[in-house]
Amino acid sequence: MSVVPLLEVDALKVYYGASFRQVRAVDGVSFRLAKGQCMGLVGESGCGKSTLGRAILRLEPIHAGSIRFNGADIVSFKGVDLKAFRRKAQMVFQDPYGSLNPRMSIGRAIEEVLDVHKIGPRETRRTRVSELLEAVGLEAGYAGRYPHEFSGGQRQRIGIARALAVEPELIVADEPVSALDVSVQVQILNLLKDLQQKMNLTYLFVAHDLAVVRYICSDVVVMYLGRIMEAGPSDELYRQPAHPYTVALLSAVPDVNRALKARKQPQDSSQVRGDVPSISGSIPGCPFHPRCPRAEARCRQEIPALRIVGDGSRLSACHFAEEVWEKWAVNSDQ
Amino acid sequence: MPERDLLLDVRGLKIEFGTGAQGLRVVDDLSFNVRDGETVALVGESGCGKSVTALALAKLIPQPPGRFAGGEVLFGGQNVLSMGEKELRRLRGADISYVFQEPGQSLNPVFRIGWQLREALQIHRPDQATTEEMVRLLKQVGLPDPEQKLRAYPHELSGGMQQRVMIAMALACRPRLLVADEPTTALDVTIQLQILELLKDLQRQLGMAVILITHNLGLVADCAHRVNVMYAGRIVEAGPTEEVLGHPRHPYTRGLLEAVPKLEGSAGHLKGIDGHVPNPARMPSGCKFHPRCPLCAEICREREPADETVREDHIVRCHFWQKGGDS
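Overview of the structure. (Residues numbered from 1 in each chain as written. Chains lettered and ligands numbered in written order. Predicted model: local features only at pLDDT ≥ 70, side-chain atom pairs only at ≥ 80, totals over all residues. Heavy atoms only, no water.)

1. Digging into the overall build of chain B
Here comes step 1: Along chain B, the regular secondary structure elements total 12 helices and 12 strands.
Here comes step 2: By the compact-globule yardstick of 20 Å for 327 residues, chain B fits well, its C-alpha radius of gyration being 21 Å.
Here comes step 3: Projected onto the principal axes, the alpha-carbon positions of chain B cover approximately 65 × 50 × 40 Å.
Here comes step 4: Only carbon and sulfur atoms are counted for the fraction: they give 48% of the accessible area of chain B, which is about 14,100 Å².
Here comes step 5: Charged side chains in chain B number 38 positive and 41 negative. The centres of these two groups are separated by 3 Å. (Helix = DSSP H or I, 4+ residues; strand = E, 2+ residues; numbered from the N terminus. Rg over C-alpha atoms; globule rule 2.2 N^0.38 Å. Areas by Shrake-Rupley, 256 points an atom, 1.4 Å probe, with all protein chains shown as cover. Lys, Arg positive; Asp, Glu negative; His and termini not counted. Charge placed at Lys NZ, Arg CZ, Asp CG, Glu CD.)

2. Overview of the packing of helix 7 (residues 159-171) of chain B against helix 8 (residues 189-206) of chain B
Residues and elements named next belong to chain B.
Here comes step 1: Across the interface, helix 7 lies against helix 8 with an axial gap of 10 Å and an inter-helix angle of 15°. It follows that helix 7 is roughly parallel to helix 8 by the angle criterion. Viewed along their axes, helix 7 and helix 8 form a crossing whose handedness is right-handed. Listed contacts from helix 8 to Gly160, Gln163, Arg164, Ile167 and Leu171 of helix 7 are Ile191, Gln194, Ile195, Leu198, Leu199, Leu202 and Leu206.
Here comes step 2: Residue classes in the contact of helix 7 with helix 8 are distributed as 8 nonpolar, 3 polar and 1 charged. (Axes fitted to C-alpha atoms, helices over the stretch in contact; angles between N-to-C directions. Parallel < 35°, antiparallel > 145°, perpendicular 65-115°, else oblique. Left-handed = near helix turned anticlockwise from the far one by under 90°. Contact = heavy atoms within 4.5 Å. Nonpolar A, V, L, I, M, F, W, Y, C, P; charged D, E, K, R; others polar.)

3. Observations concerning the pattern of salt bridges
Side chains carrying opposite charge are able to pair once their charged atoms draw close together.
Here comes step 1: Taken as a whole and assessed by the stated rule, the structure comprises 39 salt bridges over all chains.
Here comes step 2: Residue arginine 214 of chain A is joined to aspartate 235 of chain A by a salt bridge in which the shortest nitrogen-to-oxygen separation is 3.6 Å. One end of the pair, arginine 214 of chain A, is in helix 7 (residues 210-216); the other, aspartate 235 of chain A, is in helix 8 (residues 234-239), and 21 residues separate them in sequence.
Here comes step 3: Measuring nitrogen to oxygen at the nearest pair gives 2.7 Å for the salt bridge that ties glutamate 243 of chain B to arginine 311 of chain B. One end of the pair, glutamate 243 of chain B, is in helix 10 (residues 241-246); the other, arginine 311 of chain B, is in strand 11 (residues 308-311), with 68 residues separating them in the sequence.
Here comes step 4: Classification of glutamate 243 of chain B as buried rests on a relative accessible area of 15%.
Here comes step 5: Residue classification places arginine 311 of chain B among the partly exposed residues on the basis of a relative accessible area of 48%.
Here comes step 6: Connected through shared salt-bridge partners, Glu16, Arg25, Asp28, Arg67, Arg234, Lys288 and Glu304 of chain B make up one network. (Salt bridge = Lys/Arg side-chain N within 4 Å of Asp/Glu carboxyl O. Buried < 20%, exposed > 50% of the residue type's maximum accessible area, 1.4 Å probe, protein only.)

4. A few points about the nonpolar core
Here comes step 1: Counting 99 residues, the largest nonpolar core has Ile160 and Phe205 of chain A together with Leu245 of chain B as its most contacted members.
Here comes step 2: A per-element tally of this core places helix 6 (residues 182-199) of chain A first, with 8 residues.
Here comes step 3: Leucine 245 of chain B has contacts with Val256 and Leu260 of chain A together with Leu217, Val220, Ala221 and Leu257 of chain B, leaving out every residue within four places of it along the chain.
Here comes step 4: Residues Leu13, Val26, Tyr98 and Ala238 of chain B belong to the second largest nonpolar core, which totals 36 residues. (Core = buried A, V, L, I, M, F, W, Y, C linked by side-chain atoms within 4.5 Å.)

5. Thoughts on the interface of chain A and chain B
One widely used convention gives an interface's size as the accessible area the parts lose upon coming together.
Here comes step 1: Contacts between the two partners involve 37 residues from chain A, matched on the other side by 46 residues from chain B.
Here comes step 2: Around 3,600 Å² of area is buried between chain A and chain B when both sides are counted, 57% of it from carbon and sulfur atoms.
Here comes step 3: Where chain A packs against chain B, one counts 0 salt bridges.
Here comes step 4: Taken together, chain A and chain B are joined by 10 residue pairs in polar contact (both at pLDDT 80 or more).
Here comes step 5: Secondary structure elements with two or more residues in the side of chain A that touches chain B: helix 6, helix 7, helix 9 (244-252) and helix 10 (256-264) of chain A. (Buried area = accessible area lost by both parts, 1.4 Å probe. Polar contact = N/O pair within 3.5 Å; in protein donor to acceptor, adjacent residues only side chain to side chain.)

6. Topic: helix 1 (residues 49-56) of chain A
Residue and element names in this part refer to chain A.
Here comes step 1: Summarising burial for helix 1: 6 of the 8 residues are buried, a large majority.
Here comes step 2: Among the residues of helix 1, those classed as buried are Lys49, Thr51, Leu52, Gly53, Ala55 and Ile56.
Here comes step 3: In the segment just after helix 1, arginine 58 is the residue with positive phi, at about 65°.

7. A short note on the state of the cysteines
Two cysteines, two sulfur atoms, one covalent bond between them: this is a disulfide.
Here comes step 1: Counting across every chain of the model gives 0 disulfides over all chains.
Here comes step 2: Not engaged in a disulfide, the cysteine cysteine 286 of chain A finds its nearest cysteine sulfur in cysteine 299 of chain A; these two sulfurs lie 6.1 Å apart.
Here comes step 3: A relative accessible area of 8% means that cysteine 286 of chain A is categorised as buried.
Here comes step 4: There is no disulfide at cysteine 296 of chain B, and the cysteine sulfur nearest it, in cysteine 300 of chain B, is 4.9 Å away.
Here comes step 5: Taking relative accessible area as the criterion, cysteine 296 of chain B reaches 25% and is therefore assigned partly exposed. (Disulfide = S-S within 2.5 Å.)

8. A look at unusual backbone geometry
Residue and element names in this part refer to chain A.
Here comes step 1: Non-glycine residue alanine 11 carries a positive phi angle of around 45°.
Here comes step 2: Examined against the element boundaries, alanine 11 turns out to sit in strand 1 (residues 7-16).
Here comes step 3: Judged by its relative accessible area of 36%, alanine 11 is partly exposed.
Here comes step 4: The backbone of asparagine 200 shows a phi angle near 50°, a positive value even though the residue is not glycine.

And the structure:
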């Protein structure tokens, strides 16, 4: 793809705390996101995926690195520029209960966004609210109701309507469906897919559920302790992972079809040991080595660089990426 | 699996909340059983009555506002619902033990792990409330440095470790039945796998039965011998896991399975189930699933379907279970 990317993140670092107990939440992350693309950001809790999503919207202090949006570096943005940027990039939060004001009718909550950004003449804003509600599959007549009158799925629709009010180009969705039941989850995922096509939206989709990410995202970035472990097109990455961490994550996901198959012919699972270490403790070498089944002496000393593996669309930060990648090629042929 | 002794037998359980004419029935005519050493799953969306059912097994529902409006819960042949406080105290913890979703909320934040573990032992096995026994229990659930962990406060442990402590506490009195209510929902997938493997190992070693309550069908397929699919306070489909998840007959079970994004095969388009779980105050007539059901017909609005046997243990409550083929 030779198009200018909508979003270009380069060596981004988000650090917290003083130098002696510094937490490196995001530690040198680079990626590009083309217009109309949907990229998933996955990893265990504490891997920095939410922080990265928030940092891209300038909601976290940035230590170093650059974020280019339509070619302009937004890290230096202040005041008017920053407000203009926020009209183009919006966020959908995980908890639709927590992100709506309980004392404000949902129509008013959406209208407030239009007021703040002075979108359209005041008289037509009510009509716009109705349009937005209908766009996310709610009745326009619901505008006068309050958040507690809605179910979790409906509230998430309201959260999406609110994000769409400014007609953004980029939406960062932070675990938008993880608080919802499976049947409702699919409805919201399908809505996000439809909206993406209709409005040519670009998504950065932060989630811990790999199957959900596969359903909605064309590309995936796997993070661990603030760094990218692996990145690539989702179908291929799931079929043939090139990083032991991705392998571990994938094999840990409970999947109905796979489990039913395994009942007939039991296999041993490649379980990872231990917990995610605290980010503040510095780990020499590869950050994943204490939990990695493939770790060798080299992994304890040398930090593996994120590099191209295989046909060129895949990036992996593992000394043994090719070995892992080829092993799965054999497996998928069987 | 060889036929084992019946440990728990729930028969026609009815639970209501609120009083008099306003009483809302949240569990209705619910029957299922658990045999010794077996894992039985209860699955369904939130609000379908899974957790209320779980609490009812040890009569843990506060009355009022709760009320047992009928049926019985037989544990080892004795009706739990007619037990007095003294008998219940012996049952809870010693025979039936619980592990809940949020380990951080189930542990007392101001007491050290050791203090809380000792308390559980002192109530049921006072002669064994020793440090050695506590260390053994923590070792059993795979906690590193058990001696040191006894002196830790809950906030010093990660979610996965907290859940291991909860399991150690639940197992302290060697229960015959462990009720795990969404035990891994709050945990990462890698930690979830560790906890599930731990539960499976412990079950094998100790021979206890497990009731797994979850909304995650993947977990059910992975762990459970038998599964009960719940909807609106009723069991709509039940049977061996391979049968129910491999050849689902109820449109609700099929809908749930079709709604889960998959890791393998074509990503395709998922359908989901329209609408949402009914409010107990406005329960639909006839089959409770009819407003959301793709097979809904006149009879579904008028008459609630009864249990029908697909084969052997596989039971379904749907007028049209033979329709829609095998998936």
